[in-house]
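# Analysis of the macromolecular model
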Amino acid sequence: MLENLMAWLTGNLSPSARIWTALAPAIVACAYFIGGLLLFCVRCAFKGIPRDEETLKRGNTGLVGYFLRHYFFWVIQPLWAVILRSGLPANALSMLSGLLGISSGVAVAAGRFALGGWLFLFAGILDVMDGRIARERKEANPAGAALDSVLDRYVDSAMLMGLAWYYRDTWVLLPALMALLGSSLVPYVRAKGEGLGVNVRDGAMQRLERVLFMGAGTALSPILEAVFWPEEKHPMHWLAVVGLVFVAVMSNVTALSRFRNLVKALAPKRQEARSGKAIIGLNALAGAVATAVDFALVLALVEWVGLLPAWATVLGCGLGAVVNYSLNRVFTFKSNGAVARQLARYSVVSGTSALLNAGGVALLTLHPQLAYALGWWVVRGVVYFAWNLPLQRDYVFNKDAAASEDALMEQRPHAA
């Protein structure tokens, strides 16, 4: 008995013990939640779905829909009632959640994925309850809300830092860092929006989803490892990797979606000749046509005329730029502004775009493990959406900006 206890404490477990340390809590949890789901469905059939008001306020995320959210808060009512009657302050629950969450990161960093995953999940359940307890007792206040929010960031960061430490010598370090970035930006963008009077709570990967996917994947991953790779001293824990990569991608998608909606809500309203999607599509099509014309001219000059490839490339780029500008002016933005001014601005945007693309590719080639072609496409996509498209829309072909500039020039006193 003592030997088994010491083996559990030190982590020196046999494959079967590793399976049971991960599976035993899962069996208990599954028995409770599956039984609760059956009772919940029966209850819904006779009395309808019990609505949780806070769930309705937070909105539907797509990954965990309203039905599952209502069910979760209904099934944890017994635990919630026990904590409510215990008299424990809501801030104590927040602190306990923070301590368990930070402990989960320490456990995962040491390779104890089952322990770390279950600690993280239980910390998430306590985090759900603390605010509800405070509101039920009429004790909710800004200090408690600040404590809860900051501790949530510590919990998420501790878990992801633990995973990053465990995977520090593998490619999984990058998804761990991406998840750390995304899980920090999702609540930050929401808080920034609330500070500016804009409600941005949308997105598929909110905190409940992060806790569920990352916690469950981490807690259950030792089962898979013990079955298929029992002799591995430093197993990959592939189930945890899948959950981590999913959280990394979706949390950043959610953060970018919220950021886009926030900027859109705060930006001055203006009339556009086309919708945003149409502009992106036509602009990309104009770029594709210009690239095809550029390549065809280079090929013709080199193969048929015998021109040096360097000079042919220069002429091809010039023709491609003219074609791209003309298509965007006529079809994408339907602009009738002064051609000379637009061409000058278009040259500025194109020149800086070339420098940004070249610099980005040069930086990525400092990492030989990254495929050159993948880096090229990543840089092209980032520069296009962050630089080319916004500046063509707001700087080169912006009618309002051109009109304002003309009015400003007319108001300036002319030199004698």
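Here, every reference points to the structure presented above.
Throughout what follows, the structure given in this document is the object of discussion. What you see is a predicted model; the values in this text were computed from it and never measured. (Residues numbered from 1 in each chain as written. Predicted model: local features only at pLDDT ≥ 70, side-chain atom pairs only at ≥ 80, totals over all residues. Heavy atoms only, no water.)

Before going further, it helps to spend a moment on empty space enclosed by the protein. To find leftover empty space, one rolls a probe the size of a water molecule over the atoms. Overall, the coordinates contain one cavity of 30 Å³ or more when judged by the stated rule. In this structure, the largest cavity encloses a volume near 40 Å³. Around the largest cavity, the lining residues are Val-361, Leu-364, Thr-365, Leu-370, Ala-371, Tyr-372, Gly-375 and Trp-376. Taken together, the elements giving at least two residues each to the lining of the largest cavity come down to helix H14 (339-364) and helix H15 (372-396). Of the residues in the lining of the largest cavity, the class split is six nonpolar, two polar and no charged. (1 Å grid on protein atoms, 1.4 Å probe; cavity = no way out; pocket = protein on both sides within 12 Å on 5 of 7 lines; lining within 4 Å. Points joined across faces, edges and corners; volume = space filled by probe spheres on them. Helix = DSSP H or I, 4+ residues; strand = E, 2+ residues; numbered from the N terminus. Nonpolar A, V, L, I, M, F, W, Y, C, P; charged D, E, K, R; others polar.)

What follows is about the pattern of salt bridges. Proximity of charged atoms lets side chains of opposite charge pair with each other. Under the definition given, this model contains eight salt bridges. Note that Arg-153 is salt-bridged to Asp-156, the shortest N-O span being 3.9 Å. Of this pair, Arg-153 and Asp-156 both sit in helix H8 (residues 142-166), separated by three residues, roughly a single helical turn. Between Arg-207 and Asp-156 there is a salt bridge, with its nearest N and O atoms 3.1 Å apart. Linking Arg-207 in helix H10 (residues 207-228) with Asp-156 in helix H8, this pair joins segments that are 51 residues apart in sequence. Here Arg-207 matches Asp-156 in class, with each residue buried. (Salt bridge = Lys/Arg side-chain N within 4 Å of Asp/Glu carboxyl O. Buried < 20%, exposed > 50% of the residue type's maximum accessible area, 1.4 Å probe, protein only.)

Here we take up the packing of aromatic side chains. Taken as a whole and assessed by the stated rule, the structure comprises eight aromatic pairs. Considering the side-chain rings of Phe-333 and Phe-397, the 5.0 Å spacing of their centres and the 15° angle between planes classify their relative orientation as stacked. Within this pair, whereas Phe-333 is found in the loop between helix H13 (309-332) and H14, its partner Phe-397 is found in the loop between H15 and helix H16 (399-411), the two being separated by 64 residues in sequence. A residue is classified by how much of its surface remains accessible, and Phe-333, at 7% relative accessible area, is buried. Centroid distance Tyr-384 to Phe-385: 4.9 Å. Interplanar angle 80°. Geometry classified as edge-to-face. Here Phe-385 falls in the exposed class, since its relative accessible area comes to 51%. A network of ring pairs unites the aromatic residues Tyr-325, Phe-333, Tyr-346 and Phe-397 as a single cluster. A cation over a ring is seen here: Arg-168 above Trp-165, with NZ or CZ 4.2 Å from the ring centre. (Phe/Tyr/Trp six-rings, centres within 6.5 Å; stacked < 30°, edge-to-face > 60°. Lys NZ or Arg CZ within 6 Å of the ring centre and 35° of its normal.)

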